[in-house]
Amino acid sequence: MQRLAIMFRIKPGTEDKVRDLLANYAPPVRVTADGTRMLSTSVFMKDRIVVRMIEIEGDVPSLMAHIAQDPSIQYVESELDKYVVDEDRRSANTPEGAREFFLRMGMEHITTRLAPLEGVEA
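Residues numbered from 1 in each chain as written. Predicted model: local features only at pLDDT ≥ 70, side-chain atom pairs only at ≥ 80, totals over all residues. Heavy atoms only, no water.

With that out of the way, let us pick up the overall build of the protein. Assigned secondary structure in the protein consists of 4 helices and 3 strands. Each helix and strand of the protein, ordered N terminal to C terminal, gives the series β-α-β-β-α-α-α. Once the C-alpha set of the protein is aligned to its principal axes, its extents read approximately 50 × 35 × 25 Å. Per-residue burial for the protein yields a buried fraction of 38% across its 122 residues. Intrachain contacts of the protein at a sequence separation of at least 6 include 69% that bridge at least 24 residues. A total of about 7700 Å² of accessible surface is found on the protein, and carbon and sulfur atoms cover 54% of it. The distance from the centre of the 16 positive side-chain charges to the centre of the 20 negative ones in the protein is 5 Å. (Helix = DSSP H or I, 4+ residues; strand = E, 2+ residues; numbered from the N terminus. Buried < 20%, exposed > 50% of the residue type's maximum accessible area, 1.4 Å probe, protein only. Contact = heavy atoms within 4.5 Å. Areas by Shrake-Rupley, 256 points an atom, 1.4 Å probe, with all protein chains shown as cover. Lys, Arg positive; Asp, Glu negative; His and termini not counted. Charge placed at Lys NZ, Arg CZ, Asp CG, Glu CD.)

Next comes the structure, spelled out in structure tokens:
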């Protein structure tokens with residue numbers, strides 16, 4: 001499993017609109033043609049900073065190309081672009097645009113700590 005996180009900033013006064021948009025859009029198709037699976041997504045917001053975390057099993061470039069073509073993601077990204085600060089805007093409706101955005105706004109993964117399975121010593 002891999003975890004990816006991206007962050008972006010939103011314009012002042014748009015917090016409620018962004019919160020509603022990110023909480024209520026239709027989920028994308030979670031499995032790509034090559035079998036890459038999006039296991040989960042989480043969205044966090046503090047003031048005007050949004051962090052989206054994605055857990056996947058498989059190939060990151062395959063997932064980026066897949067979600068760039070998903071109608072649900074195309075909708076939410078086009079709506080979200082109205083609220084993102086100019087410096088953080090992106091073109092997420094093509095595989096190249098999604099890749100550039102992930103590379104530019106991606107966060108460095110430092111560590112993941114998992115609880116040991118029950119009955120297994122750490």
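To continue, consider the nonpolar core. Within the largest apolar cluster, 24 residues are counted, with the highest numbers of intra-cluster contacts made by Phe8, Val18, Leu22, Leu80 and Phe102. Here this core gets 4 residues from one element, more than from any other, and that element is helix 2 (residues 60–69). Once residues lying within four places of it in the same chain are set aside, the contact partners of Val18 are Ile10, Met45, Val50, Leu80 and Tyr83. (Core = buried A, V, L, I, M, F, W, Y, C linked by side-chain atoms within 4.5 Å.)

Within the structure shown, the criterion is met by 1 cavity of 30 Å³ or more. Within this model, the largest cavity holds a volume of roughly 220 Å³. What lines the largest cavity is a set of 20 residues, among which Arg52, Ile54, Ile67, Ile73 and Glu77 lie closest to the centre. Elements represented by at least two residues in the lining of the largest cavity include exactly strand 2 (37–46), strand 3 (49–57), helix 2, helix 3 (71–80) and helix 4 (95–105). Partitioning the lining of the largest cavity into residue classes produces 14 nonpolar, 2 polar and 4 charged. (1 Å grid on protein atoms, 1.4 Å probe; cavity = no way out; pocket = protein on both sides within 12 Å on 5 of 7 lines; lining within 4 Å. Points joined across faces, edges and corners; volume = space filled by probe spheres on them. Nonpolar A, V, L, I, M, F, W, Y, C, P; charged D, E, K, R; others polar.)

The next point concerns the confidence of the model for the protein. Per-chain confidence: the protein averages 89 in pLDDT, with 94% of residues scoring 70 or above. Taking the mean pLDDT of every element in the protein, the minimum, 79, falls on helix 4 and the maximum, 97, on helix 1 (residues 15–24). (pLDDT = per-residue confidence, 0-100.)

Another point: the packing of helix 1 against helix 3. How two helices pack is summed up by the angle between their axes together with the distance between the axes. Direction vectors running N to C along helix 1 and helix 3 enclose 175 degrees, while the axes themselves pass 11 Å from each other. One way to sum up the angle between helix 1 and helix 3 is to call them roughly antiparallel. Residues Val18, Leu21 and Leu22 of helix 1 touch helix 3, and the partners they reach there are Tyr75, Val76, Glu79 and Leu80. (Axes fitted to C-alpha atoms, helices over the stretch in contact; angles between N-to-C directions. Parallel < 35°, antiparallel > 145°, perpendicular 65-115°, else oblique.)

Let's shift gears to the sheet that holds strand 3. Taken in spatial order, the 3 strands of this open sheet run 1-3-2, and their pairing is antiparallel. Both outer strands of the open sheet, strand 1 (2–9) and strand 2, are each paired with one neighbouring strand and no more. Each neighbouring strand pair of the sheet contributes to a mean axis angle of 15 degrees, computed without reference to strand direction. Note that strand 1 and strand 3 share 8 bridges and pair antiparallel. Residue pairing across strands places Phe8 opposite Val50, the latter belonging to strand 3. With respect to the sheet, helix 1 is in contact with strand 2 and strand 3, its orientation differing from that of strand 2 by roughly 165 degrees. (Pairing = 2+ DSSP bridges.)

Counted under the stated rule, the structure contains 1 aromatic pair. Summarising the aromatic geometry, the rings of Phe8 and Phe101 are spaced 6.4 Å apart at their centres and angled 50 degrees between planes, so their arrangement reads as tilted. Of this pair, Phe8 sits in strand 1 while Phe101 sits in helix 4, and the two are 93 residues apart along the sequence. We note that Phe8, like Phe101, is buried. (Phe/Tyr/Trp six-rings, centres within 6.5 Å; stacked < 30°, edge-to-face > 60°.)

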